[in-house]
Amino acid sequence: MRRKIGLEELLERAPAAQNAAPPAQQPAGPSGLSGPSGPQRRVPHTEFEFELPLGYVDDEGTVHRHGTMRLATARDELMPQIDLRVKENPAYLSVVLLSHVITRLGDLTDVHTGIVERMYATDVAFLQDLYQRINSEGHTRAAVTCPHCDGAFEVDLAGGRLGES
């Protein structure tokens with residue numbers, strides 16, 4: 001008979017699974033390809049660089065605009081659900097979630113909720129859109145149409161401003 005476990009117990013068990021040894025690689029077959037199904041699969045792109053529209057201003061007055069966001073894991077999506085701040089104010093979910101997936105912001109490598117709280121609303125909206133784009137579509141590109149010539153092309157939303165090289 002199986003028993004139900006709560007989210008807390010599930011999250012406590014997760015680190016043990018992460019520290020487990022990776023499965024052994026299968027030797028290359030006669031064709032030189034590894035594994036039974038042919039060529040090795042490409043490793044997915046898991047980190048995306050971005051440039052904030054305005055930038056985070058720290059206590060010393062330094063503006064941090066360039067950063068890196070990684071793909072979210074199931075744990076990243078579950079952790080805010082047990083956070084008391086999110087239970088009291090569901091709108092706080094995006095602050096907690098963004099603080100988990102932003103790996104670097106300028107010179108800062110410890111991006112916590114306090115930093116996300118002090119960002120301009122424009123930058124938070126940009127990061128929420130970037131999060132949604134990379135975690136549902138897997139990229140930061142968007143198809144756009146020129147309003148003057150009706151030409152269609154792609155832009156990278158995480159990169160620099162339009163017109164800059």
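Given the structure is predicted, the values throughout are model-derived calculations rather than measurements.

Definitions and cut-offs
Counting from 1, residues in each chain are numbered in the order their sequence is written. Only residues with pLDDT of 70 or above have their local features reported here, since the model is predicted, and side-chain atom pairs are shown and tallied only from 80 upward, although totals for entire chains, interfaces and linings are computed over all residues. By convention in this description, side-chain values take in all heavy atoms of the structure and omit both hydrogens and water. Paired strands, as defined in this entry, are two strands with at least two bridges between them according to DSSP. Only runs of H or I of at least four residues qualify as helices and only runs of E of at least two qualify as strands under DSSP, and these elements are numbered from the N terminus. Convention adopted: a line fitted to C-alpha atoms gives each axis, helices being fitted over their contacting stretch, and angles between N-to-C directions are expressed from 0 to 180 degrees. In what follows, residue pairs with any heavy atoms lying within 4.5 Å of each other are defined as contacts. A helix is expected to span 1.5 Å multiplied by its residue count minus one. Remark: exposure states derive from per-residue accessible area (1.4 Å probe, protein chains only) relative to the maximum for the residue type, with buried under 20%, exposed over 50%, and partly exposed in between.

(A) Region of the structure containing the sheet that holds strand β1 (residues 47-57). Spatially, three strands are ordered β1-β2-β3 in an open sheet, and the strand pairing comes out antiparallel. With partners counted over all chains shown, the strands left at the sheet margins are β1 and β3 (102-105), one partner each. Direction aside, the axes of adjacent strands within the sheet are offset by 25° on average. In terms of strand pairing, strand β2 (residues 63-70) meets β3 through three bridges, oriented antiparallel. Looking at the pairing, G67 lines up with L105 of β3. Against the sheet, helix α6 (residues 121-136) makes contact with β1, β2 and β3, and its axis sits at roughly 170° relative to β1, the strand it touches most.

(B) Seen up close, α6. Taking 1.5 Å per residue, 16 residues should reach 22 Å; α6 reaches 22 Å between its end C-alpha atoms and fits that length. Of all the positions in α6, only D123, V124, F126, L127, L130, Y131, R133 and I134 are classed as buried.

Limitation: the analysis is restricted to geometry and does not speak to function.
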